[in-house]
Amino acid sequence: MRIKLINPNTTMSMTEAMTACARQVAAPGTEITGVSPQMGPASIESHYDEALAVPGLLQEIDEGERAGMDAYVIACFGDPGLSAARELARGPVIGIAEAAMHMASLVAPSFSVVTTLARTSGMAWHLAERYGMQRFCRNVRACEIAVLELENPASDARARITEECRRALAEDGAEAIVLGCAGMADLCAAIGRDIGAPVIDGVTAAVKLAESLVALGLGTAKGGEWARPLPKAYHGLLSGFARI
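Residues numbered from 1 in each chain as written. Predicted model: local features only at pLDDT ≥ 70, side-chain atom pairs only at ≥ 80, totals over all residues. Heavy atoms only, no water.

- Where an unreviewed UniProt entry is consulted, the chain appears under the name Allantoin racemase, with the organism given as Herbaspirillum frisingense.
- Recorded in UniProt for the chain, the comment headed Sequence similarities (unreviewed entry) runs: "Belongs to the HyuE racemase family." (UniProt positions renumbered as here; feature names shortened; annotations may be inferred.)

Structure below.
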């Protein structure tokens, strides 16, 4: 089984870290290929960043289809371009926010999301509503750590995120934590041990969901909304995306 993990930002060090986490949980025989697009933002922390990350992401899906990939993981908590990617892909495409929220609801009656910057909190709430997870989601809490600062030891990211997770348990009534950034993947196990509650990282959760769907022989439905895009011309910088 071949799963392509796509980090929609262009920071390869972060891609390598989350790919290592994905490989740790993958079943024997599952091959994880981690990539970043050739174009896009260095990190995704706004609607603007998210919109401009999607073309590069879709290029990676297209290349994955030509290479015969079985499934895809979109490794950004905003799940950018998820429906568009599903239109292109034959196999399953899993967004990490969708995966993490659903996994959390299976192990606890409530969860809080702990994310990076407060400006992205509304995006997380929107996804909780879209995925039918609002009744489980107690709160979305921000640590005010920029995404790229997660890789900076001087940011003391692990301690700050862990403390916010503790506050979520104490103040929100949450019984599990969803980490709201793919760049937190390598902190998940340590934070779970520190706080004594389930902590779900979307990267690893998405890999296990993708494996399950492929093993069940389930691909993306192509009879309606997620059918292949209609053939038409595109112009300017997007001319290479035409489906002709």
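## Focus: the sheet that holds strand β1 (residues 2-6)
- Strand order across the open sheet formed by four strands is β2-β1-β3-β4, with parallel pairing between neighbours. Taken across any chain shown, the strands that pair with only one partner, and hence form the sheet edges, are β2 (31-35) and β4 (93-95). Here the average twist between neighbouring strands, direction ignored, is 20°.
- Bridge analysis of strand β3 (residues 71-74) against β4 gives three bridges, and the strand direction is parallel. By the bridge assignment, V73 is partnered in β4 with I94.
- Packing of helix α1 (residues 12-25) onto the sheet brings it into contact with β1 and β2, and relative to β2 it is tilted by some 165°.
- Packing against the sheet, helix α2 (residues 47-67) makes contact with β1, β2 and β3, and its axis sits at approximately 165° to β1. (Pairing = 2+ DSSP bridges. Helix = DSSP H or I, 4+ residues; strand = E, 2+ residues; numbered from the N terminus. Axes fitted to C-alpha atoms, helices over the stretch in contact; angles between N-to-C directions. Contact = heavy atoms within 4.5 Å.)

## Observations concerning the layout of surface pockets
- By volume, the largest pocket amounts to about 350 Å³.
- Every residue lining the largest pocket is counted, 17 residues in all, and those nearest its centre are L58, L88, Y234, F241 and R243.
- Of all elements in the fold, only α2 and α3 (82-88) reach the threshold of two or more residues within the lining of the largest pocket.
- A total of six residues in the lining of the largest pocket trace back to one element, the largest contributor, which is α2.
- Here the residues of the lining of the largest pocket sort into nine nonpolar, two polar and six charged.
- Computed from the structure, the second largest pocket encloses a volume of approximately 190 Å³.
- Contributing to the lining of the second largest pocket are 17 residues, with L150, E151, G183, D186 and L187 lying nearest its centre.
- Taken together, the elements giving at least two residues each to the lining of the second largest pocket come down to α1 and α6 (157-172).
- For the lining of the second largest pocket, the leading source of residues is α1, giving four residues.
- Taken together, the residues that form the lining of the second largest pocket break down as ten nonpolar, three polar and four charged. (1 Å grid on protein atoms, 1.4 Å probe; cavity = no way out; pocket = protein on both sides within 12 Å on 5 of 7 lines; lining within 4 Å. Points joined across faces, edges and corners; volume = space filled by probe spheres on them. Nonpolar A, V, L, I, M, F, W, Y, C, P; charged D, E, K, R; others polar.)

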